[in-house]
Amino acid sequence: MRIGVDIGGTFTDLCAVDETGIVAVGKVLTTHDEPARAVEEGLDALLAESGIAASAVEQVVHGTTLVTNALIERKGSRTALLATAGFRDVLEMRREHRYELYDLQIELPAPLVPRHLRFDVPERILADGSVHTGLDEEHVARLGRELASRGIEAVAVCFLHAFTNPVHERRAAEVLAEVAPGLRVALSSDVVPEIREFERTSTTVANVYVQDLTECYLRDLEQRLRRLGIAGAPHIMLSNGGLATVDTAARHPIRILESGPAGGALAAASIGPDDLLAFDMGGTTAKLCLIAGGAPLVTHQFEVDRKYRLLPGSGLPVQVPVTDMIEIGVGGGSIARIDALGLLTVGPDSAGSEPGPVCYGRGGTEPTVTDADLVLGYLDPGYFLGGGMTLDAAAAREAISRIAEPLGVSVEEAAWGIHTSVNEDMANAARVHAVERGQDPAKLPMYTFGGAGPVHGVGVARALGAPSVVAPPAAGVLSAAGFLTAPLAFDFVRSARAAVHDLVWEQVDALFAEMEAEGAALLAKSGASEVTHRRIAEMRYAGQGYEIRVPVHGGSWPDALIDEFTATYRALYRRTGPEVGVEVLNWRVVSSGPVPAVTLRLTSSNTAGDARKGTRQAYFPSAGGFVDTAVFDRYLLTPGERVDGPAIVEERESTVVVPPGAHCVVREDAALEVTV
């Protein structure tokens, strides 16, 4: 028995799986003041309701938005930065890139370390790794004593070219440990030993900024699990789709930045075809990820806390492997309002779980997407969370009326405007995301999950032109289920820029062997019985600003590597580049343990009885407004059954809306496939 737990902005999702499939699911409101409390309460309820003994649980896999929220809300440790003399302002200078060229009021996130806590350190290592100026150890010692006396809790050490030669960073850490042993210290050569000064510094600072918060949370989680009687230590979901132990996650908290969204992408990849769109919409955000070749795409450039229309360049860069997805601030709890121009806007701010949408009756006053979906008849006020929470439809109508009146429309029209606005926003973002990665969204099926995903899935698919929508079993908690499909895994990187024809294979192989040994040792400590390694080169045409990831398979050297680069480049851009040389910037190794043998089929369904629960009025403008809509119990539908729209299919954690002109069929794996 294994259990996945995903903490979201509104709900904490739980999913229990054994060798037969999904045996129990749960969903509780997230407790933002103490996130681990919701995990404990949810697990306690899940075990009690399903009759699972705590001693039978062999593994808990956990994903959380804790790190992301701490960075956005600036709730980390008081942090200082030690940089090579002359480079302390790299955090503020950034890349001098204006993401909106003509906006005179351009806004950027403030650095996590203010200028008065950024310090120059006399030392200099050159690009080739040679020492130009030795480290002033006495200067470091004075800074360490002063920082400790002033209540600084964490220090990031980011010296120039430390990814080539880390000797000065490591010695600085030793000195700080001697004079101020209470300081948390992070070295860029440990956190992200990669080229690009600004991104490396930003990532190292972010890592140590949230390290204390993350470690305290993870230790608290361990204690709560033990209190429930679950003996095994939890594993933590990494942003790239791998798992790590609590100790590893506590040392590298920046690696769990996007751990929650990665679970949904993994689940979609495990149950769908090789190529698809994975659409996850929860209470706070919506995410869309491309699955290509049976696996989610991974990127190493990510930004937190984007300030302007989610445009690249407007956030804090974090250079770690993350599942490559587009994420926008629209979810069930997203707040709708009329802007200064008199136009309807939705999000990115969310009512979350505290106080939540108005219909929750927990003190919320702002109209939200969930309120709109309730007014439209898509949600049953008496069957939300399987009847675990009763929704206030009258309060939702009153909230939406505050949107309708200024627009001069009916409450239903205002609710429909909110619903379709969310669909269009997600579709527009998804279209750009897919095209930039060489994919046509109109040719890919869309797998939808999350509490709000199946409600909006067909609307998003229609806006994208996608041919079909698939809602897997337990779609409302699928991210938690996806955690259980992930192997233990970790990424390693070394920067060594060189032209391909100048490379010596023996040196490259030695670099790979070093990373593979590190990966084997780390995963062995984590309990992996066997470890496999995947080699990757990050390459570009000489003169280009950015690189692409190319698999390294060996073969004739260097022709095989150049052939792989050309094939990868052509697949991405439908052409090859100019007649110039090719160079490598970084070498990567992905070390992985065995992939768990797990099926995500729902095994606890009761298939006896009539699946049709009755009818209710639901709003579909294409059919003239409110129409009688058949309502079905998903747990009583059997493979092969067809449901014609308009229809609504309900399960405990989510609701599938089948509009007029569409129909859905129950597949053999119990997933609902809606033909758009």
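Look up: the structure comes first, before these words.
Residues numbered from 1 in each chain as written. Predicted model: local features only at pLDDT ≥ 70, side-chain atom pairs only at ≥ 80, totals over all residues. Heavy atoms only, no water.

### Quick word on the overall build of the protein
So, step 1. For the protein, the helix and strand inventory stands at 17 helices and 35 strands.
So, step 2. When contacts within the protein are restricted to residue pairs at least 6 apart in sequence, those whose partners lie at least 24 apart make up 68%.
So, step 3. When the accessible surface of the protein is summed, it comes to about 26,200 Å², and 51% of that surface belongs to carbon and sulfur atoms.
So, step 4. Of the side chains in the protein, 58 bear a positive and 88 a negative charge, and the two mean positions are spaced by 3 Å. (Helix = DSSP H or I, 4+ residues; strand = E, 2+ residues; numbered from the N terminus. Contact = heavy atoms within 4.5 Å. Areas by Shrake-Rupley, 256 points an atom, 1.4 Å probe, with all protein chains shown as cover. Lys, Arg positive; Asp, Glu negative; His and termini not counted. Charge placed at Lys NZ, Arg CZ, Asp CG, Glu CD.)

### Notes on unusual backbone geometry
So, step 1. Omega for the peptide link from Gly645 to Pro646 comes to 5 degrees, which places this bond in the cis form.
So, step 2. Mapped onto the elements of the fold, Pro646 is located in the loop between β31 (642-644) and β32 (647-650).
So, step 3. The phi angle at His161 is positive, at roughly 60 degrees, despite the residue not being glycine.
So, step 4. Structurally, His161 can be placed in the loop between β9 (154-158) and α5 (167-179).
So, step 5. Unusually for a residue other than glycine, Ala670 sits at a positive phi of about 75 degrees.
So, step 6. Here Ala670 lies in the loop between β34 (663-666) and β35 (672-675).

### A closer look at the sheet that holds strand β30 (residues 625-633)
So, step 1. The four strands lie next to each other as β29-β30-β32-β33, forming an open sheet whose pairing is mixed. Each edge of the sheet is formed by a strand with only one pairing partner; in this case those strands are β29 (612-620) and β33 (655-658). Ignoring which end each strand starts from, the neighbouring axes of this sheet average 25 degrees apart.
So, step 2. The pairing of β30 with β32 spans four bridges and is parallel. Counterpart to Ala630 in the pairing with β32 is Ala647. (Pairing = 2+ DSSP bridges. Axes fitted to C-alpha atoms, helices over the stretch in contact; angles between N-to-C directions.)

### Things to note about the pattern of salt bridges
So, step 1. This model, assessed by the stated rule, comprises 44 salt bridges.
So, step 2. Among the salt bridges present, the one from Asp212 reaches Arg184, with a minimum N-O distance of 3.4 Å. Of this pair, Asp212 sits in helix α8 (residues 211-228) while Arg184 sits in strand β10 (residues 184-187), and the two are 28 residues apart along the sequence.
So, step 3. On the basis of relative accessibility, which here comes to 32%, the residue Asp212 falls in the partly exposed class.
So, step 4. With a shortest N-O distance of 3.9 Å, Glu673 and Arg667 are connected by a salt bridge.
So, step 5. One salt-bridge network, in which partners are shared between bridges, spans Asp33, Glu34, Arg37, Glu40, Glu41, Asp220, Arg224 and Arg227. (Salt bridge = Lys/Arg side-chain N within 4 Å of Asp/Glu carboxyl O. Buried < 20%, exposed > 50% of the residue type's maximum accessible area, 1.4 Å probe, protein only.)

### Comments concerning the pairing of β34
So, step 1. Of the pairings in the sheet, the one linking β31 to β34 comprises three bridges and is antiparallel in character. Opposite Arg642, over in β34, you have Val665 as the bridge partner.
So, step 2. Sheet analysis places β34 next to β35, joined by four bridges and oriented antiparallel. The residue of β35 that forms the bridge with Cys664 is Val674.
So, step 3. Connecting β34 to the next strand, β35, in antiparallel fashion are five residues, including Ala670 with a positive phi near 75 degrees.

### Side note on the sheet that holds strand β26 (residues 532-541)
So, step 1. Judged by pairing direction, the sheet is antiparallel, and its four strands sit side by side in the order β25-β28-β26-β27 without closing on themselves. The open sheet has two edge strands, β25 (489-499) and β27 (548-551), and neither has a second partner. The sheet shows a mean angle of 25 degrees between the axes of neighbouring strands, direction not considered.
So, step 2. Relative to β27, β26 is paired through four bridges, and the arrangement is antiparallel. Following the sheet pairing, Ile536 is matched in β27 by Pro551.
So, step 3. The sheet strands contacting helix α17 (residues 559-573) are β26, β27 and β28 (582-592), and the helix crosses β27 at an angle near 130 degrees.

### Brief notes about the packing of aromatic side chains
To describe a pair of aromatic rings, one takes the distance between the centres and the angle between the planes.
So, step 1. Inspection of the entire model under this criterion finds twelve aromatic pairs.
So, step 2. Both rings, one in Phe11 and one in Phe384, keep their centres 6.3 Å apart while their planes meet at 55 degrees; by these two values the pair is tilted. Here Phe11 is found in strand β2 (residues 11-18), whereas its partner Phe384 is found in the loop between α11 (369-375) and α12 (393-407), with 373 residues between them in sequence. In this pair, the class of Phe11 matches that of Phe384, namely buried.
So, step 3. Between Tyr541 and Phe565, the ring centres sit 4.9 Å apart and the planes meet at 75 degrees, which makes this aromatic pair edge-to-face. Taken together, the positions of Tyr541 in strand β26 and Phe565 in helix α17 put the pair 24 residues apart, joining distant regions of the chain. With respect to class, Tyr541 is no different from Phe565; both count as buried.
So, step 4. An aromatic cluster is built from Tyr541, Phe565, Tyr569 and Tyr573, whose rings are joined through pairwise contacts.
So, step 5. Between the NZ or CZ atom of Lys613 and the centre of the ring of Tyr383, over which it lies, the distance is 3.8 Å. (Phe/Tyr/Trp six-rings, centres within 6.5 Å; stacked < 30°, edge-to-face > 60°. Lys NZ or Arg CZ within 6 Å of the ring centre and 35° of its normal.)

### Re α17
So, step 1. Over its 15 residues, α17 runs 21 Å from end to end, which matches the ideal 21 Å to within 8%, given 1.5 Å per residue.
So, step 2. By the burial criterion, the buried members of α17 are Ala560, Leu561, Ile562, Phe565, Thr568 and Tyr569.
So, step 3. Immediately downstream of α17, the backbone of Arg574 shows phi near 60 degrees, a positive value. (Expected span 1.5 Å × (residues − 1).)

### Brief notes about the side chain of Lys287
So, step 1. Within the fold, Lys287 resides in strand β14 (residues 286-292).
So, step 2. Judged by relative accessible area, Lys287 falls into the buried class, the value being 11%.
So, step 3. Excluding residues that lie within four positions of it along the chain, Lys287 makes contacts with Pro261, Ala278, Phe279, Asp280, Met325, Ile326, Glu327 and Met426.

### A few points about the packing of helix α1 (residues 35-50) against α8
So, step 1. Following both chains from N to C, one finds α1 and α8 inclined at 20 degrees, their axes separated by 9 Å at the closest point. With respect to α8, the element α1 is oriented roughly parallel. Relative to α8, α1 is oriented so that their crossing is right-handed. Residue-level contacts link Pro35, Ala36, Arg37, Val39, Glu40, Leu43 and Asp44 of α1 to Tyr217, Asp220, Leu221, Arg224, Leu225, Arg227 and Leu228 of α8.
So, step 2. Looking at the contact of α1 with α8 residue by residue, the class counts come to eight nonpolar, no polar and six charged. (Parallel < 35°, antiparallel > 145°, perpendicular 65-115°, else oblique. Left-handed = near helix turned anticlockwise from the far one by under 90°. Nonpolar A, V, L, I, M, F, W, Y, C, P; charged D, E, K, R; others polar.)

### Description of α1
So, step 1. Taking 1.5 Å of rise per residue, the 16 residues of α1 would be expected to cover 22 Å, and the 23 Å separating its terminal C-alpha atoms lies within 8% of that figure.
So, step 2. Each element contacted by the buried residues of α1 is listed here: β1 (2-7), β2, β3 (21-29), β4 (59-63), α2 (66-73) and α8.
So, step 3. The first or second residue beyond α1 is Gly51, which carries a positive phi of 75 degrees.

### Things to note about the nonpolar core
So, step 1. By size, the foremost hydrophobic cluster in this structure holds 100 residues, and its most contacted members are Leu43, Leu71, Leu82, Met539, Leu561 and Trp587.
So, step 2. Judged by nonpolar contacts, the second largest core, of 73 residues, contains Val369, Ala414, Leu444 and Val666. (Core = buried A, V, L, I, M, F, W, Y, C linked by side-chain atoms within 4.5 Å.)

### Details of the side chain of Lys27
So, step 1. Within the secondary structure, Lys27 is located in strand β3.
So, step 2. Judged by its relative accessible area of 8%, Lys27 is buried.
So, step 3. There is a polar contact of 3.0 Å between the side chain of Lys27 and the backbone oxygen of Gly476. (Polar contact = N/O pair within 3.5 Å; in protein donor to acceptor, adjacent residues only side chain to side chain.)

In short, geometric facts, not functional conclusions.
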